[in-house]
Amino acid sequence: MSELATLDGRDVDLAGLIGARICHDLISPIGAIGNGLELLELSGASDHTPEMTLVAESQRACVARIGFFRVAFGPAGADALIAPADADRLIADFARDGRTSPVWRVETALSRAELRFGFLAYLCLDTALPRRCSVEMRHEGGRWQLLTQGALPRLDKALWGGLTDPGQTLEVTPATVQFALLAEAARTAGRDIRLDVDAEAVTLFI
């Protein structure tokens, strides 16, 4: 699966553009819901009822997921650098109510294209890890290193084999599309993906 299409002789990241368009169109109405909730709180109408609390938490979760998906599934064009604290907040907010927890160890600003590698890799590991596990994320020397902590993942040989072996066919579903996107991004950038597995930990290198 390639995320690029050729239009008028130009390679166009259609998958990324579609992802960016969806995120852009969703953030405005979801943000409006948040503004409405704030007005209700100021007027005293909500009175922090369980129902309003549930709506507010759901709205915040939607905003967090859209922010994360903008990077993971959006176009990886050249743009301004993203500060490490901002990147940490994006992935921490996304994972707050999720199955696994990221441990952000990146200390330098990264481009959106580079950050996309890390976010997609985290999504790949998240599909394989049991609940309450953590993923330590480092970026050193231009390479990502993601280390699982807490339990060994359940690795789907077809998915992970297709990710680490460019010659192997990679069949994905909507729930595992991050594998195809990461494999294509690595191929385009000329990077290899390596997965090291031992008795205590799994480390993903990109």
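Here we summarise the structure given alongside this text. Predicted model, so just to flag it, every value in this text is computed and none were measured.

This brings us to the packing of helix 5 (residues 157-164) against helix 6 (residues 177-189). Pairs of packed helices are described in terms of their axes, by the angle between the two and the distance that separates them. Two elements in contact, helix 5 and helix 6, have axes separated by 9 Å at closest approach and are oriented at 15°. Taken together, helix 5 and helix 6 sit at an angle that is classed as roughly parallel. In this structure, helix 5 meets helix 6 at a crossing whose hand is left-handed. Only Phe 179, Leu 182 and Ala 183 of helix 6 make contact with helix 5, whose side of the interface consists of Leu 159, Trp 160 and Leu 163. In the contact of helix 5 with helix 6, the residues fall into six nonpolar, no polar and no charged.

In this section: the pattern of salt bridges. In this structure the tally under the stated criterion is eight salt bridges. Among the ionic pairs, Glu 114 bridges to Arg 191, the shortest N-O distance being 2.4 Å. One end of the pair, Glu 114, is in helix 4 (residues 112-128); the other, Arg 191, is in the loop between helix 6 and strand 6 (194-197), and 77 residues separate them in sequence. Residue class for Glu 114 comes out buried when judged on its relative accessible area of 12%.

Moving on, we come to the nonpolar core. Counting 42 residues, the largest nonpolar core has Trp 104, Leu 115, Phe 119, Trp 144, Leu 146, Trp 160 and Leu 182 as its most contacted members. The set of elements that each furnish at least two residues to this core consists of helix 2 (50-73), helix 3 (84-95), helix 4, strand 4 (133-140), strand 5 (143-149), helix 5 and helix 6. Per-element tally for this core: the top contributor is helix 4, with 10 residues. If we ignore the near neighbours within four places in the chain, the residues touching Trp 104 are Pro 84, Ala 87, Asp 88, Ile 91, Leu 115, Phe 119, Met 137 and Trp 144.

If you trace the backbone, Glu 136 turns up in strand 4. For Glu 136, a relative accessible area of 11% puts it in the buried group. Other than its neighbours up to four places away in sequence, Glu 136 contacts Val 103, Arg 105, Gln 145, Leu 146, Leu 147 and Gln 149.

Definitions and cut-offs
Residues numbered from 1 in each chain as written. Predicted model: local features only at pLDDT ≥ 70, side-chain atom pairs only at ≥ 80, totals over all residues. Heavy atoms only, no water. Axes fitted to C-alpha atoms, helices over the stretch in contact; angles between N-to-C directions. Helix = DSSP H or I, 4+ residues; strand = E, 2+ residues; numbered from the N terminus. Parallel < 35°, antiparallel > 145°, perpendicular 65-115°, else oblique. Left-handed = near helix turned anticlockwise from the far one by under 90°. Contact = heavy atoms within 4.5 Å. Nonpolar A, V, L, I, M, F, W, Y, C, P; charged D, E, K, R; others polar. Salt bridge = Lys/Arg side-chain N within 4 Å of Asp/Glu carboxyl O. Buried < 20%, exposed > 50% of the residue type's maximum accessible area, 1.4 Å probe, protein only. Core = buried A, V, L, I, M, F, W, Y, C linked by side-chain atoms within 4.5 Å.

Keep in mind these values describe shape, not function.
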